[in-house]
Amino acid sequence: MIQRPAHHPRFPSNQGLPDRMAKLVLAGKADCPHYAKAELLSDRLQRSLPDFRIHKISILPHEWRKWLEATCTRNGWKHERSPLVWRELVHQGGKGMLLGGFSDFVEHCQDYYSITSDMLTDSMLAVAAENLETKMNIIAEEQRCLNRIEPLHIWISSALNPTCNFLIPNLLSAEVFPHVSTISLHLLDLKGNEEGLRGLRMETEDLALPLLHQVSIHTDLDQAFQGADVILLLDEWWSDDGDGEEQKKNVKGMSDRYIEYGQLIDTRANKEVKVIVSADSFANWRCSLLLEHACSIDSHQFITMATQLENEAKAILATKLKVRTSDIRNVIVWGNISGSFYIDLQWTKVFNYDGAIKGPAFFSQPALKLLHQRKWLETDFQDMARRRRAEAASKSCRAASMSAADGILAVLAAWNGGSDGVFSVGVLCQGEYNLPDGIVLSLPVNFTGGKLGVLSEATIGDELKEKLCFFARELMQEKELGSEVAEHGLL
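Residues numbered from 1 in each chain as written. Predicted model: local features only at pLDDT ≥ 70, side-chain atom pairs only at ≥ 80, totals over all residues. Heavy atoms only, no water.

Once that is clear, we can look at the overall build of the chain. On a plain count of helices and strands, the chain comes out with 14 helices and 18 strands. The burial tally for the chain puts 47% of its 491 residues in the buried class. Intrachain contacts of the chain at a sequence separation of at least 6 include 69% that bridge at least 24 residues. Carbon and sulfur atoms provide 50% of the accessible area of the chain, an area that totals close to 24700 Å². (Helix = DSSP H or I, 4+ residues; strand = E, 2+ residues; numbered from the N terminus. Buried < 20%, exposed > 50% of the residue type's maximum accessible area, 1.4 Å probe, protein only. Contact = heavy atoms within 4.5 Å. Areas by Shrake-Rupley, 256 points an atom, 1.4 Å probe, with all protein chains shown as cover.)

Our next topic: the nonpolar core. As a rule of thumb, soluble globular proteins bury nonpolar side chains together. Ile154, Ile156, Leu171, Leu187 and Trp334 are the most contacted members of the largest nonpolar core, which has 58 residues in total. The dominant element in this core, judged by the number of residues it contributes, is helix α13 (residues 401-417), at 7 residues. When neighbours within four sequence positions are excluded, Ile156 is seen to be in contact with Cys164, Leu167, Ile168, Leu171, Leu185, His186, Leu187, Leu188, Leu232 and Leu234. Membership of the second largest hydrophobic core comes to 29 residues, among which are Leu188, Leu289, Leu290 and Leu428. (Core = buried A, V, L, I, M, F, W, Y, C linked by side-chain atoms within 4.5 Å.)

As summarised here, the arrangement of the 3 strands in space is β11-β14-β15, forming an open sheet in which the pairing is antiparallel. With one partner strand each, in any of the chains shown, β11 (328-329) and β15 (364-366) form the two edges of the open sheet. (Pairing = 2+ DSSP bridges.)

In this section: the pairing of strand β16 (residues 419-428). A large share of β16 lies buried, amounting to 8 of its 10 residues. The pairing of strand β10 (residues 302-305) with β16 spans 2 bridges and is antiparallel. Residue pairing for β16: Met305 is matched across the bridge by Val425. Bridging between β16 and strand β17 (residues 440-448) involves 7 bridges; their strand directions are antiparallel. When the sheet's bridge partners are listed, Phe423 is paired in β17 with Val445.

Inspection of the entire model under this criterion finds 12 aromatic pairs. With centroids separated by 5.3 Å and ring planes inclined at 50°, the aromatic side chains of Trp77 and Trp86 adopt a geometry described as tilted. A residue is classified by how much of its surface remains accessible, and Trp77, at 12% relative accessible area, is buried. Taking the relative accessible area as the measure of exposure, Trp86 reaches 9% and is therefore buried. The interplanar angle of 70° and the centroid separation of 5.7 Å between the aromatic rings of Phe282 and Trp285 together place this pair among those described as edge-to-face. (Phe/Tyr/Trp six-rings, centres within 6.5 Å; stacked < 30°, edge-to-face > 60°.)

Let's shift gears to helix α9 (residues 307-321). Its 15 residues place the ends of α9 21 Å apart at the C-alpha level, agreeing with the 21 Å of an ideal helix rising 1.5 Å per residue. Taken across its 15 residues, α9 has 12 buried, putting it largely inside the fold. Immediately downstream of α9, the backbone of Lys322 shows phi near 60°, a positive value. (Expected span 1.5 Å × (residues − 1).)

A cis geometry characterises the amide bond from Ser82 onward to Pro83, with omega recorded as 5°. Its place among the elements puts Pro83 in the loop between α2 (61-75) and β3 (84-89). The phi dihedral of Ala208 falls on the positive side, at around 55°, and the residue is not glycine. Residue position: Ala208 is located in the loop between α6 (194-206) and β7 (212-218).

Time to look at the side chain of Asn330. Secondary-structure assignment places Asn330 in the loop between β11 and β12 (332-335). Residue Asn330 is classed as buried on the basis of its relative accessible area, which comes to 14%. One polar contact links the side chain of Asn330 to the main-chain amide nitrogen of Val422, over a distance of 3.1 Å. Ignoring any residue separated from it by four or fewer positions in sequence, one finds Asn330 in contact with Trp347, Thr348, Lys349, Gly421 and Val422. (Polar contact = N/O pair within 3.5 Å; in protein donor to acceptor, adjacent residues only side chain to side chain.)

This paragraph deals with helix α1 (residues 33-48). Relative to the 22 Å expected for 16 residues at 1.5 Å per residue, α1 spans 23 Å between its end C-alpha atoms, a close match to the ideal helical length. Within the span of α1, buried status applies to Tyr35, Ala36, Lys37, Ala38, Glu39, Leu41, Ser42 and Leu45.

Once that is clear, we can look at the pairing of strand β13 (residues 341-344). Alternating positions in β13 separate into two faces, Phe341 and Ile343 on one and Tyr342 and Asp344 on the other, with burial throughout. Note: β12 against β13, 4 bridges, orientation antiparallel. Directly across from Gly335, in β13, lies its bridge partner Phe341. Turn length for the β12-β13 hairpin, with the two strands adjacent in sequence and antiparallel, is 5 residues.

In this section: the confidence of the model for the chain. Per-residue pLDDT for the chain averages 85, and the proportion of residues at 70 or more is 89%. This stretch, residues 1-21, has a pLDDT under 50; its non-local contacts, to residues over four places away or in other chains, come to 44 contacts. (pLDDT = per-residue confidence, 0-100.)

Another point: the environment of His300. Summarising the element assignment, His300 is placed in the loop between α8 (283-292) and β10. By relative accessible area, His300 is classed as buried at 16%. As for His300 and Lys451, which are separated by 151 residues in sequence, their C-alpha atoms are 8.1 Å apart. Excluding anything up to four places from it in sequence, His300 contacts Trp415, Leu428, Gln430, Glu432, Leu452 and Val454.

The next subject is the packing of α9 against α13. Closest axis-to-axis distance for the α9/α13 pair is 8 Å, and the angle between their directions is 110°. By the angle class used here, α9 and α13 are roughly perpendicular. For the pair α9 and α13, the sense of crossing is right-handed. Residues Thr307, Gln308, Asn311 and Glu312 of α9 pack against Ser403, Ala404, Asp406, Gly407, Ala410 and Val411 of α13. Its residues placed into classes, the contact of α9 with α13 shows 3 nonpolar, 5 polar and 2 charged. (Axes fitted to C-alpha atoms, helices over the stretch in contact; angles between N-to-C directions. Parallel < 35°, antiparallel > 145°, perpendicular 65-115°, else oblique. Left-handed = near helix turned anticlockwise from the far one by under 90°. Nonpolar A, V, L, I, M, F, W, Y, C, P; charged D, E, K, R; others polar.)

And the structure:
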């Protein structure tokens, strides 16, 4: 019968508590002979003491040094070689006590349990080689299992943009992707802030979202948009504070970036990819650059968002009519999303309005019948919609990231699940409303069966027709100017 000494001066006796209250942890390099010998000794110990528990951690040789340093730093230990052995005192909440290395473990087993090992060197080397082979086989099998999973691949550029803080928690959900079982999220930031991306990845993983398969981080374009099913471009580096040279540099950089994005999307992304451009400057032009250089992908899979403008207009109308913002639906935004645009209420419905005519929850009334101040609609209302985002940013001292994220989520949910609502997005004009081909203009659309369709039923009076012609000229000039700056450095 194995006898345990009452006390050992080097290794405390756990204050008389039974062995089943302690757990040893044995960690080492997969190819380490001493780890192999310690492993077999621990197996023998478990066979002799059924209540004794041991947990083994096999580390690949090239990962061992980094793992060891991190473990020792976390626990306040000093240790340099494989293996590493410590004791977790379960009755004390799992607190770890360092035992040491191979010799310390052998001495511990001999002094406490009168068990030792007489394994020869050749046997140690053979077991070490077998351990490494087993570890590599396990890794290969895990990779094969991962390869059998076919997740939806979402890429987000400028992932450290504050919009992501509001976007990610709601993006990976069945509400936005109702027919998807798992999602791989790829975070791209070309400013090279790898530490920031690591933090964002950790925070995303900590959300424990059921659809999340894995998160990868990227600080260059080596793998950008590979296999992408959804691409969200959040790049924003324009500033009105710079001088002419600085603005020229920004336009040139923007052009080069989006030309390269378009080329990479064309060659690497899924041909059914959905691409959303979200930006406060040159949004329509950026989308045009993508389209010019991603010719193999359907143009209606590239959009730039006007949903944020829609929602800002809804909020203004809701205040005016004393209803909730969600009670205003089907607002149309025509034009240049980050330039000149027009808010059109010809299809806008108002629910839950407290007026002379009332009805059940599904009852609505046309907004134009409730808003009798037509001059206000054509002047003050339009100006308020243009200023609202800047005013919100000024008061909060930050960009309107929350509303930007909400707009992206609303469009994606409709795009993936279908919706009978009207949305305004920047799409490539292909003869709709007699607009010139080849420009990206905000138009009313809907989503059916995962496909975008431009709505052609809107009434275009003379005034609106004149506005649309003006927007088209502005966008063509913006496109030409951007091309000149990108090519010749003119501004």
